[in-house]
Each structure stands twice: as structure tokens, then as C-alpha cells.
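Descriptive structure summary
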Amino acid sequence: MRSNNTVYPYIPNSAPKTKERMMNALGVTEIMDLFEAIPDHLKYTAPLDLPEPIRDEYSIRRHLETLLNRNRNCQDFINFLGAGCAQHFVPAVCDEVSGRGEFLTAYAAEFYADHGKWQALFEFCSLLAELLDVDVTSGFLYDGLQAVATSLRMACRMTGRNEILIPGTVSRDARRVLDNYMAGIQGPQFHIRTIGFDRESGQMDLADLSARISKKTAAVFVENPSYLGFIEPQVEAIGEIARRHGSEFVVSTDPISLGVLAPPAQYGATITCGDYHPLGLHMQCGGGQSGFIGTSGEMRYVMEYKDKMYGLTPTSVAGEHGFANILFERTSFGSREKAREFTGTSNALWAITAGAYLALMGPKGMAEVGQTIMQKAQYAAAGISRINGVRLGLSGPFFKEFIVNFDGTGKRVADINRKLLDHQIFGGKDLSSEFGMMGESALFCVTEVISQASIDCLVDALTAILA
């Protein structure tokens, strides 16, 4: 690493004497000693392509803004990308609440600068439990896929089994995350098996599920709405097959759909999970994600949660309650290596923000936003499918995402999306390599922020490109 003795006034610890004192305190003489645990083959040794040091704060801000302005963003472009991170409306109150000083330190903070934090987290968990129609929810997990992975690990621990059945419509990226989490470093090895699906509707092949499920199966997992957008109408039958074989029924859902769709617990899910990024969070280059898990209040479920949970209890003052972590010994904070799982990083600030969103929306607001999304998605799908050579990829009902197939146009999705950029439009996610059997197809996402005029603009642009 190149020695850098530049002093940046806006970085107090950049002064050489300050750095020397810090290294003396750590007992190291070279800065690279701090990185000795990183294998040499993973270290980048070539000089970094960085500009000359910029010493004043105003100039460094201008430099960074110039770099950022090279990006295309969803403020300037109309966005139809989703597939796990969609653009939703963020009410001003959400930013106001998450920007409060006492909450900005909510990341893993315990007793400092957290006035009201635990009450806010308790309120979030209560509101989320009401939305999911469950007794208990986890506080907040790293993201939705991490919540799915922990839900499946919970099922394995509870049943003493090591096999998971998942639908073939799960995304390639999701499968990689699940493989990674389920493989782990220590402990038993878990096996993920894929169940077939109907090519016309996307629905799970129940005959294949019945043939594959066994006494080894810890959980049957589905997404509803699915990654490919369709709503799985067979969920009750899938749950019944799972329960008949003593397996947990784990369902990942989109929480903003639950104003119009039944929560998974009402059709038999024993563990509900997902990502609450649609609930008042900005996309933030993928950083505005956070996961949740919800179950019944049975202790055999509660004791398998790996993350912090929040409760309230009477205090010594009559009529007052206090809010705190509960069952702390479950976590790796409380029991270290003897915990159920490692309690990794989490997103307390996003939980507080989502709590503000749910409190603002209420049941009526959640129903209205769900209806708006479905109506706009249906309008978009109808308009796109009227273009010559274009058809919808799946036949079943959908919530906010749907597949568009371009095989009849003789065009590639990659080329279409490239030309849409000229119209300041982000097209749908290209599925042609991820789901090759679907041909030249793209997954389009329409949310409440997309206006009718924007949808018409997309249809007009596609019509011109495909002419």
C-alpha cells in the first residue's frame, strides 16, 4: 500500500502523529499489519487510480457529485425494474423519523443515545405482526433472503431433518444465497431440492412435490407473490402436503401486497418471511433492504429465532411500561458459540422507518396501495401485450411484476432495454439467461409511483423500437 501522509482537515485521524499513536496502541508498526489476516491472493497490490488529494471539504463534495452525476437514476428515468428491489413511494414522515438523531444511532446500539428506540422497535414488530396475522415477529434481519435462509434453518432445527424443497421459479441469485447460508461452515449439511413448475402458469407441480417430499424434508418453501410475479393459487394444497409429512411450510411474501392478498399464516404457513423494503424505504443502491420472520407464539418457534426480539413489561411505577430485548440468551450476543445461529448485522433504523410507514398507512392505506399497484400493473400488462409480436409470459394472476415475452418480435431483450435507455426508461429484468426455457423474456415491475402517462410512454417506446 502506498504511504499517504496527507492530512485531510475533515478526517481528524488522518494526521500522521494521530495515526502513529493509534498504531502504537494496537502494537503494530506498519498499516498493512492490520490486514495480515487477509490472504495475499485476495489483496489488490496495483496502484489505485485515484486523483491527487483534495484537501478542502467543498472540493471533495463537488468531485463526488460529479462522479455520481454520471449515473442514470430512477429520478431522471422511468423505472420498470424490480426483481427483489422495487421503487415505492416514501412518505416524507418516514425520512423525518429515520433522520432523528436518537434513531440514527439505532444500528446495534444498546444503552447509549437510544431514547425511545426500543419502544419504536416494539411498535414496528407489533404493526408487522398485525399485517402478517402472526403472534411473534423478529426485529429485523439483514435482508429478505437472509430471512428466508434463517427460516429454513429454523425448520431444520425444529424437525431434526436436513432437506429443503423449493420451487424452480426461485431466482438464480436467491438460490446462491440459500446455498451459501445452508452450507455453513460447521454443523450438519442441508440439502436443497428443486420442485418443477408449470411452464404456462408458473405454478408449482404438485405431483412432483408429492413424489419428492419424504421424512427427510424439513420444509417446503414457496414465494407468494413469486419472483416471477405470479400469485401461487395452490398454496393451501402445498401447505397441506407439507403438514401431512411433518414438514414446516415456509412462505416468503411481499408485505406491501398484504392489503389485498391474504397473509401466509391464513393459508397455513407455519413460518412467514420476506423483505420489508417496500414499507417506506428508499432503494439506496440495494442498501434499503431488511428482512423479517413471523410465526405463532409457540415457544418451539420463538426459541429458534436467532435475532433480537422486543417486548414490554410493567415497571415499578404504576401504569408505566418499559421496553427491552427479550429471551436474549437465544442470540449469539447472549450465548456466543452456543446460540442457535450467529446474529449478524441488522437494520434497526429501517425497522423504525417501516414502523412509521405502517402507522401512517393503517389497514385502509395498505389496501389502497395494494389495489393501486395491481390496477397499474394490469394496465401496463394489457398495453404491452397489445404490441405486435409481444405476449405475456405466464397465464396466471400477478401482483406488481409480470413476464413479457418478445420471441415474436425477433428482438433480444438486451437490445430492447438498450434502446429504451434512449427514451429514459429502465426496461424489465432480462430473464433470457436465467430462465432460458422462457426465450427472450423480461420481468417488468409496476408500482404505485408509476403514473398512467409513464406506462403509456413505455408502450409507445416499445412500439417504436419493435416496429
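This text goes with the structure placed above it.
**Description of the overall build of the protein chain**
- Secondary structure summary: the protein chain contains 14 helices and 15 strands in total.
- In summary, the protein chain has a C-alpha radius of gyration of 25 Å against a globular reference of 23 Å for 467 residues, a match within 12%.
- Along the three orthogonal principal directions, the C-alpha set of the protein chain runs to about 70 × 55 × 50 Å.
- When burial is assessed residue by residue, the protein chain has 48% of its 467 residues classed as buried.
- Restricting to contacts in the protein chain with at least 6 residues of sequence separation, those with at least 24 account for 70%.
- Accessible surface for the protein chain amounts to roughly 23400 Å². Of this, 53% is attributable to carbon and sulfur atoms.
- Of the charged side chains in the protein chain, 42 are positive and 53 negative; the average position of the first set lies 4 Å away from that of the second.

**Some thoughts on the state of the cysteines**
- Taken as a whole and judged by the stated rule, the model has 0 disulfides.
- The closest cysteine sulfur to the non-disulfide-bonded Cys-273 is located on Cys-156, 13 Å from its own sulfur.
- Judged by relative accessible area, which is 0%, Cys-273 ranks as buried.

**Some words on the sheet that holds strand 12 (residues 401–405)**
- Read from one edge of the open sheet, 4 strands run 11-12-15-14, paired in antiparallel fashion. Looking at the sheet topology across the chains shown, the edges are occupied by strand 11 (391–392) and strand 14 (429–430).
- Sheet topology note: the strand 14/strand 15 (residues 441–445) ladder contains 2 bridges and is antiparallel. Bridge pairing in strand 15 places Lys-429 opposite Leu-443.
- Each of strand 11, strand 12 and strand 15 is contacted by helix 12 (residues 348–385), which is oriented at about 5 degrees to strand 12, the strand it contacts most.

**Notes on the sheet that holds strand 3 (residues 163–167)**
- Pairing within the open sheet is mixed, and its 7 strands lie in the order 2-8-7-6-5-3-4. Whereas interior strands pair on both sides, the edge strands pair on one side only; in this sheet they are strand 2 (136–137) and strand 4 (191–195).
- Sheet topology note: the strand 7 (residues 271–275)/strand 8 (residues 291–295) ladder contains 4 bridges and is antiparallel. Bridge pairing in strand 8 links Gly-274 to Phe-292.
- Lying over the sheet, helix 6 (residues 144–159) contacts strand 3, strand 5 (217–223), strand 6 (248–253), strand 7 and strand 8, oriented at roughly 160 degrees with respect to strand 7.

**Describing the layout of surface pockets**
- In this structure, the second largest pocket spans a volume of roughly 830 Å³.
- Here the lining of the second largest pocket is composed, by residue class, of 16 nonpolar, 13 polar and 8 charged.

**What about the packing of aromatic side chains?**
- As enumerated under the stated definition, the model contains 10 aromatic pairs in all.
- Ring centres of Phe-124 and Tyr-276 lie 4.9 Å apart, and the angle between their planes is 50 degrees; this geometry places the pair in the tilted category. With a gap of 152 residues between them, Phe-124 in helix 5 (residues 117–132) and Tyr-276 in the loop between strand 7 and strand 8 connect regions that are remote in the sequence.
- For Phe-124, a relative accessible area of 0% puts it in the buried group.
- Within the aromatic cluster, the residues linked to one another by ring pairs are Phe-80, Phe-398, Phe-402 and Phe-444.

**Quick word on the environment of Thr-272**
- Within the secondary structure layout, Thr-272 lies in strand 7.
- Separated by 196 residues in the primary sequence, Thr-272 and Asp-76 place their C-alpha atoms 36 Å from one another.
- Those residues within four positions of Thr-272 in sequence are excluded, and the remaining contacts are Leu-132, Val-251, Thr-253, Pro-264, Ala-265, Phe-292, Ile-293 and Gly-294.

**Considerations on unusual backbone geometry**
- For the peptide bond that leads from Asn-224 to Pro-225, omega is 0 degrees, which places it in the cis range.
- By the secondary structure assignment, Pro-225 is in the loop between strand 5 and helix 9 (235–244).
- Within the chain, Ala-83 stands out as a residue other than glycine whose phi angle is a positive 60 degrees.
- Note on placement: Ala-83 falls in the loop between strand 1 (78–79) and helix 3 (92–98).

**Here we look at the packing of helix 12 against helix 14 (residues 452–466)**
- As a packed pair, helix 12 and helix 14 sit with axes 10 Å apart at the nearest point and diverge in direction by 20 degrees. Here helix 14 runs roughly parallel to helix 12, going by the angle between their axes. Considering only the axes of helix 12 and helix 14, their crossing is right-handed. Taken together, the residues of helix 14 that come into contact with helix 12 (itself represented by Lys-376, Tyr-379, Ala-380, Gly-383 and Ile-384) are Gln-452, Ile-455, Asp-456, Leu-458, Val-459 and Leu-462.

**Description of the side chain of Ser-138**
- Looking at where Ser-138 falls in the secondary structure, it is placed in the loop between strand 2 and helix 6.
- Judged by its relative accessible area of 1%, Ser-138 falls in the buried class.
- What Ser-138 contacts, discounting residues up to four positions off in sequence, is Cys-125, Phe-292, Ile-293, Tyr-305 and Lys-308.

Rules and cut-offs
- Residues numbered from 1 in each chain as written.
- Predicted model: local features only at pLDDT ≥ 70, side-chain atom pairs only at ≥ 80, totals over all residues.
- Heavy atoms only, no water.
- Helix = DSSP H or I, 4+ residues; strand = E, 2+ residues; numbered from the N terminus.
- Rg over C-alpha atoms; globule rule 2.2 N^0.38 Å.
- Buried < 20%, exposed > 50% of the residue type's maximum accessible area, 1.4 Å probe, protein only.
- Contact = heavy atoms within 4.5 Å.
- Areas by Shrake-Rupley, 256 points an atom, 1.4 Å probe, with all protein chains shown as cover.
- Lys, Arg positive; Asp, Glu negative; His and termini not counted.
- Charge placed at Lys NZ, Arg CZ, Asp CG, Glu CD.
- Disulfide = S-S within 2.5 Å.
- Pairing = 2+ DSSP bridges.
- Axes fitted to C-alpha atoms, helices over the stretch in contact; angles between N-to-C directions.
- 1 Å grid on protein atoms, 1.4 Å probe; cavity = no way out; pocket = protein on both sides within 12 Å on 5 of 7 lines; lining within 4 Å.
- Points joined across faces, edges and corners; volume = space filled by probe spheres on them.
- Nonpolar A, V, L, I, M, F, W, Y, C, P; charged D, E, K, R; others polar.
- Phe/Tyr/Trp six-rings, centres within 6.5 Å; stacked < 30°, edge-to-face > 60°.
- Parallel < 35°, antiparallel > 145°, perpendicular 65-115°, else oblique.
- Left-handed = near helix turned anticlockwise from the far one by under 90°.

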